[in-house]
Amino acid sequence: ANGIVRPKGYNVSWHVNPEIEKHHFGNSHPMKPWRLTLSKGLIMSYGMHAAMDTFVTRQATEEEMRDFHTEDYLEYLKTAKVAMPDDDTPMPYNLGGSDCPVFEGLFNYCSMYSGASIDAARKLCNNESDIAINWSGGLHHAKKAEASGFCYANDIVLAILQILRKYPRVLYVDIDVHHGDGVEEAFWSTDRVMTLSIHKYDGLSFFPGTGDLERTGPPDENNPGAHHALNVPLSDGINDEQYIWLFKTLVGKCVERFRPNAIVLQCGADSLAGDRLGRFNVQVQGHGACVAYCKSLKIPLMLVGGGGYTPRNVARAWAHETSIAIGCDQTIDPIIPMHTPYRSHFRHETLFPTLEQILGDPRPNRNTPKKLDDIVQHVTEQLRFVNA
Ligand code: ZLV
Ligand code: CA
Ligand code: ZN
């Protein structure tokens, strides 16, 4: 009735668990797992779940998480206690500060979103999915023994390690507004994973402060990882036209040189205009065009979430990107269905509000055509060293 049909001979799997959404980082913390509830409500009100294999995910086992994280760190994560309001004794592993608070059910939260990404990766390896989706994952800052930037366990690294059991090469692409430093660091010294992160970079304070153009892997040419970590530092206000051009040009060149067997795309929605923490003018259409381009390459594709701090726009983007995965993006009605849960939270009734509707006053675009050309040229030079 709603025109959503399962694509023939093409499988999309959706890995979800309502348990994950129930966790709270604290009232003033910008990370709201509730945005997953809003996204899922929108995806389901369009009936998109009928066109996917839906899996309610499980917790990753500790053994699975030890693929990347240390035993000590996992042990601490499991037993860390929520601090009393007046207790400011520092905790190890960068836990307990304002970015990475210890909250009720923390280990459950981490193992749930990690389990979803591991399951999604296995679906790709079994050829049971062409695209596997985990909107609750994408927590790209976590290190092997350290929490960072709202991320405690690195589900992306765990998923890529799964894929590497089956396939020789994985391309990781990260469109979150922040630098994907944890994934970059994990695969810094290997030529089996190429990482490409697009992000805001100002050389000083914007988190995490790394990801300049010159950072392309280990400086030692004999290290296999040399030239396999690519970074695209941008300034405030980049628009759809520029972003889509950059994305297609760079990902196209990476695929041509590196010939990955699978692509993992981190779809952090804080690169959207109007995000509480972001600075770009990318719209739902431009963000989605990145997903559509990756799908068009016909390489096994994993989609994970990431940042995204204005929940109504996160839900729009991830619902639109789900529709692209199953191929109904051109046929669904952009007017948000009347029966969508929390419909009034969306403020504007369309999936694609205009920049004026999102921002009021536009944010000045600080990215010149020359800057973008320099980036493409620099990345192209790095890729000359890559020969898969
Ligand atoms: O979207 O934070 O700037 C993936 C992701 O990439 C910082 N943190 C740290 C470094 C020292 N500071 C200050 C501590 C901030 C305290 C709490 C906030 C609270 C309210 C509003 C905004 C923030 C905040 N924190 C904004 N930016 C930060 C970053 C971390 C960004 C993580 C992005 C995660 C999920
Ligand atoms: Ca990024
Ligand atoms: Zn982010």
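Residues numbered from 1 in each chain as written. Chains lettered and ligands numbered in written order. Predicted model: local features only at pLDDT ≥ 70, side-chain atom pairs only at ≥ 80, totals over all residues.

1. Focus: the overall build of the protein chain
Next up, step 1: Secondary structure summary: the protein chain contains 12 helices and 8 strands in total.
Next up, step 2: Relative to the globule expectation of 21 Å for 388 residues, the C-alpha radius of gyration of the protein chain, 20 Å, shows essentially globular dimensions.
Next up, step 3: Every one of the 388 residues in the protein chain was classed for burial, and the buried ones make up 49%.
Next up, step 4: Across the protein chain, contacts joining residues at least 24 apart in sequence account for 76% of those joining residues at least 6 apart. (Helix = DSSP H or I, 4+ residues; strand = E, 2+ residues; numbered from the N terminus. Rg over C-alpha atoms; globule rule 2.2 N^0.38 Å. Buried ≥ 20, exposed ≤ 12 C-beta atoms within 10 Å, placed from the backbone. Contact = placed C-beta atoms within 7 Å.)

2. Thoughts on the nonpolar core
Next up, step 1: One finds Ala-159, Tyr-172, Val-264, Met-302 and Leu-303 to be the most contacted residues of the largest nonpolar core, which totals 109 residues.
Next up, step 2: Looking at which element gives the most residues to this core, the answer is helix 5 (residues 106-125), with 11 residues.
Next up, step 3: Filtering out sequence-adjacent residues up to four positions away, Tyr-172 remains in contact with Ile-160, Val-183, Val-193, Met-194, Thr-195, Leu-196 and Val-264. (Core = buried A, V, L, I, M, F, W, Y, C linked by C-beta atoms within 7 Å.)

3. As for the packing of helix 9 (residues 284-296) against helix 10 (residues 311-326)
Next up, step 1: At a closest axis distance of 9 Å, the pairing of helix 9 and helix 10 adopts a crossing angle of 30°. Here helix 9 is positioned roughly parallel relative to helix 10, judged by the angle of their axes. By crossing handedness, the relation of helix 9 to helix 10 is classed as right-handed. Touching Val-284, His-287, Gly-288, Val-291, Ala-292 and Lys-295 of helix 9 are Arg-316, Ala-317, His-320, Glu-321, Ile-324 and Ala-325, all from helix 10. (Axes fitted to C-alpha atoms, helices over the stretch in contact; angles between N-to-C directions. Parallel < 35°, antiparallel > 145°, perpendicular 65-115°, else oblique. Left-handed = near helix turned anticlockwise from the far one by under 90°.)

4. Some remarks on the site of ligand 1
Next up, step 1: If you check the shell around ligand 1, you find 17 residues, and the closest are Ser-98, Gly-149, His-178, Phe-207 and Gly-307.
Next up, step 2: The residue inventory of the shell around ligand 1, partitioned by class, reads 6 nonpolar, 8 polar and 3 charged. (Near = placed C-beta within 6 Å. Nonpolar A, V, L, I, M, F, W, Y, C, P; charged D, E, K, R; others polar.)

5. Concerning the environment of Glu-185
Next up, step 1: Tracing the backbone through its elements, the reader meets Glu-185 in helix 7 (residues 181-186).
Next up, step 2: With 17 C-beta atoms counted inside 10 Å, the residue Glu-185 sits in the partly exposed group.
Next up, step 3: Sequence-wise, Glu-185 and Ala-50 are 135 residues apart; in three dimensions their C-alpha atoms are separated by 38 Å.

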